[in-house]
Amino acid sequence: MTDAARPRTMEEIDALCAARAASPRPDEPYPYAGPLARHVRDGDRRLLRLAYDPAPASLRLWNFLLTEEDRLREARAAGHKLVGAMKDLGTVTVLAYAYPRVTAFYLDGAWWIPCIMEMSEGLLGVASAHGAGEGMCPVRAMLGAFVTRRHFPIPDLLVSSVGAVCDDLSAVAQRLESLGHPILWWEMPARRAPEPGEPAVPLPGGLRAPASQVALVRSELGRVRRALDGLAGHALTDAELAAGIRAANAVRARLDALREIVFTAPACPLPALEHQIAEMLVIHFCSDRDETLRVYDALLDEVRARVAAGTAVLPADAVRVFWVNPVADLRAMNLLEACGGRLCGTEFLFCHALDPLPEGVEPMEALARAALADPMVGPASDRAARIAADARRFGAEAVVVSRIPGASHCAWEGEAIAGAVRDRLGLPVAEIEVPPLTDALAPSIRSRLEALVETARARRRR
Ligand code: SF4
């Protein structure tokens, strides 16, 4: 690792930015720029405990992520309608962004607020007081954010899938509705394999589903489209929707290129923490699709330059780890690298938002197929097969399945995934639980990760 790529503290990053801005050739100015310290003053205290990539492109990524709530307020002030989507992670927002003057975001993302603010905001306590207690996944922070109204603006329209969704999100969304926030529910069936001889349709990601299920989802998304027409005061045309799908695919193509370089480069060109954040942008473009494209382009320029120069952010012998499930505490990504690992493949619950949407079919059909490819609406065996295939493709040497405390989807799925990876690839697998703040558990998480890395290194010597 060169000093230029050495991870920095937040204070070092801000000093670096100030020095760059004062230089005769300041970095290209970009929207949302500013010192990370301003977010700490607003309560984002976790920023003080993270290690950052010093590249200007990575700073641009952080500033983009951390200014989303302001961006949503500005969008509303500019006359945009706000859509709060839940659970489908990558379909309803593609539809919503096809409209002029509509900004959509996933409320599920609130589950990082307790981490970023180190619990100082009290959202989980508020959620508990409203019936969503500690036995549930941190997505219950969303409920607290609605009650306190101190985070994102309350959307003009709430949309949630129902049916093949986890109990936690379903319970929280129902509680929201009982508190006076009406929700447009749309039905998502549990995806199943087509029966022999049953008409079937290919889905993104290589799956197939019965044509009848795709038709059902298409019809349900048609209800969402009509509601959006009413909200926006604009009857969306198929041509506009097709353009929205092409725009989403442009974003997905950039993320795909980033993943390919980061996961396959001989030495790691982008830290795991920044990579995870970058992946998150794809589901609702962090409420600014154009800036998402520019952030990806800047990251791509950076990682290509680093690979060409042979510059790495980690030692060349770091163990290649495939990571399953997002981490409630972002610091876990720093921990992985401190233990000798590097990210080499991910499945953060939304691989269907990474795959290109079909462009050769009617646009509503494309959305329906993409929605049904969601790994969380099908059997765990489908998800495990995709993880094993991607882990093989990226040359993973070990797999981490991180569990989310209280998350109903984690109850048995982790075991199924771990079993499939061991059976198909023979790789060592570690299951770890990552709460919103890992500080108290850091020693045990660290020893699990170190043991995994050591096991993978020992396999190299065989
Ligand atoms: S239980 Fe799992 S799928 Fe459901 S909201 Fe929590 S993390 Fe997401």
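A. Empty space enclosed by the protein, seen in detail. Counting across every chain of the model gives 1 cavity of 30 Å³ or more. Considered as a void within the structure, the largest cavity measures approximately 50 Å³ in volume. If you trace the largest cavity, you find it lined by Lys87, Asp88, Ser161, Ala164, Val165, Trp186, Met188, Asp374, Met376 and Val377.

B. Looking closely at helix 8 (residues 141-148). Of all the 8 residues making up helix 8, 7 are buried; the element is thus mostly covered by neighbouring parts of the structure. Among all positions in helix 8, only Ala141, Met142, Leu143, Gly144, Ala145, Phe146 and Thr148 are buried. Packed against the buried residues of helix 8 are strand 1 (81-86), helix 6 (113-116), helix 7 (123-129), strand 3 (157-163) and helix 9 (167-178). Among the residues trailing helix 8, arginine 149 stands out with phi positive, at a value near 55°.

C. Quick look at the domain arrangement of the chain. As far as domains go, the chain holds domain 1 (68-236) and domain 2 (252-280 + 290-347 + 379-461). In this structure, domain 1 and domain 2 have C-alpha centres spaced 26 Å apart. In total, domain 1 and domain 2 occlude about 1,400 Å² of area from one another, counting both sides; carbon and sulfur atoms represent 66% of this. For domain 1, the biggest contributors to the area lost against domain 2 are Trp111, Trp112 and Cys115; these three give 38% of the whole. Inspection of the region where domain 1 meets domain 2 yields 1 salt bridge. One salt bridge connects aspartate 382 with arginine 191, and the closest N-O pair in it is separated by 2.9 Å. Remark: the boundary between domain 1 and domain 2 carries 4 residue pairs in polar contact (both at pLDDT 80 or more). Of all the elements in the fold, those that place two or more residues in the side of domain 1 that touches domain 2 are helix 6 and helix 9.

D. Molecular detail of the packing of helix 11 (residues 238-264) against helix 13 (residues 289-309). Here helix 11 crosses helix 13 at 25°, and the two axes come no closer than 10 Å. Judged on the interaxial angle alone, helix 13 and helix 11 are roughly parallel. Seen along the crossing, helix 11 lies across helix 13 with a hand that is left-handed. Mapping the contact onto sequence places Gly244, Ala247, Ala250, Val251, Arg254, Leu255, Ala257, Leu258, Ile261 and Val262 in helix 11 and Arg289, Thr292, Leu293, Tyr296, Asp297, Leu299, Leu300, Val303, Arg304 and Val307 in helix 13.

E. Geometry of the nonpolar core. Counting 144 residues, the largest nonpolar core has Trp62 and Trp323 as its most contacted members. Sorting elements by how many residues they give to this core places helix 11 first, with 9 residues. Both of domain 1 (68-236) and domain 2 (252-280 + 290-347 + 379-461) provide at least three residues apiece to this core. Setting aside residues no more than four positions away along its own chain, tryptophan 323 makes contact with Ala332, Met333, Leu336, Leu343, Gly345, Thr346, Glu347, Phe348, Val400, Ser402, Ile432 and Leu449. Of all hydrophobic cores here, the second largest spans 16 residues; its members include Val401, Ile417, Val421 and Leu427.

F. Spatial organisation of the sheet that holds strand 2 (residues 102-106). Across the sheet, 4 strands lie side by side as 2-1-3-4; this open sheet has parallel pairing. The open sheet has two edge strands, strand 2 and strand 4 (183-188), and neither has a second partner. Put simply, the sheet's adjacent strands are angled 25° from each other on average, direction ignored. Judged from the 6 bridges that link them, strand 3 and strand 4 form a sheet pairing that is parallel. Bridge assignment links serine 160 to a residue of strand 4, and that residue is tryptophan 185.

Procedures and definitions
- Residues numbered from 1 in each chain as written.
- Predicted model: local features only at pLDDT ≥ 70, side-chain atom pairs only at ≥ 80, totals over all residues.
- Heavy atoms only, no water.
- 1 Å grid on protein atoms, 1.4 Å probe; cavity = no way out; pocket = protein on both sides within 12 Å on 5 of 7 lines; lining within 4 Å.
- Points joined across faces, edges and corners; volume = space filled by probe spheres on them.
- Buried < 20%, exposed > 50% of the residue type's maximum accessible area, 1.4 Å probe, protein only.
- Helix = DSSP H or I, 4+ residues; strand = E, 2+ residues; numbered from the N terminus.
- Contact = heavy atoms within 4.5 Å.
- Domains from an automatic or database assignment.
- Buried area = accessible area lost by both parts, 1.4 Å probe.
- Salt bridge = Lys/Arg side-chain N within 4 Å of Asp/Glu carboxyl O.
- Polar contact = N/O pair within 3.5 Å; in protein donor to acceptor, adjacent residues only side chain to side chain.
- Axes fitted to C-alpha atoms, helices over the stretch in contact; angles between N-to-C directions.
- Parallel < 35°, antiparallel > 145°, perpendicular 65-115°, else oblique.
- Left-handed = near helix turned anticlockwise from the far one by under 90°.
- Core = buried A, V, L, I, M, F, W, Y, C linked by side-chain atoms within 4.5 Å.
- Pairing = 2+ DSSP bridges.

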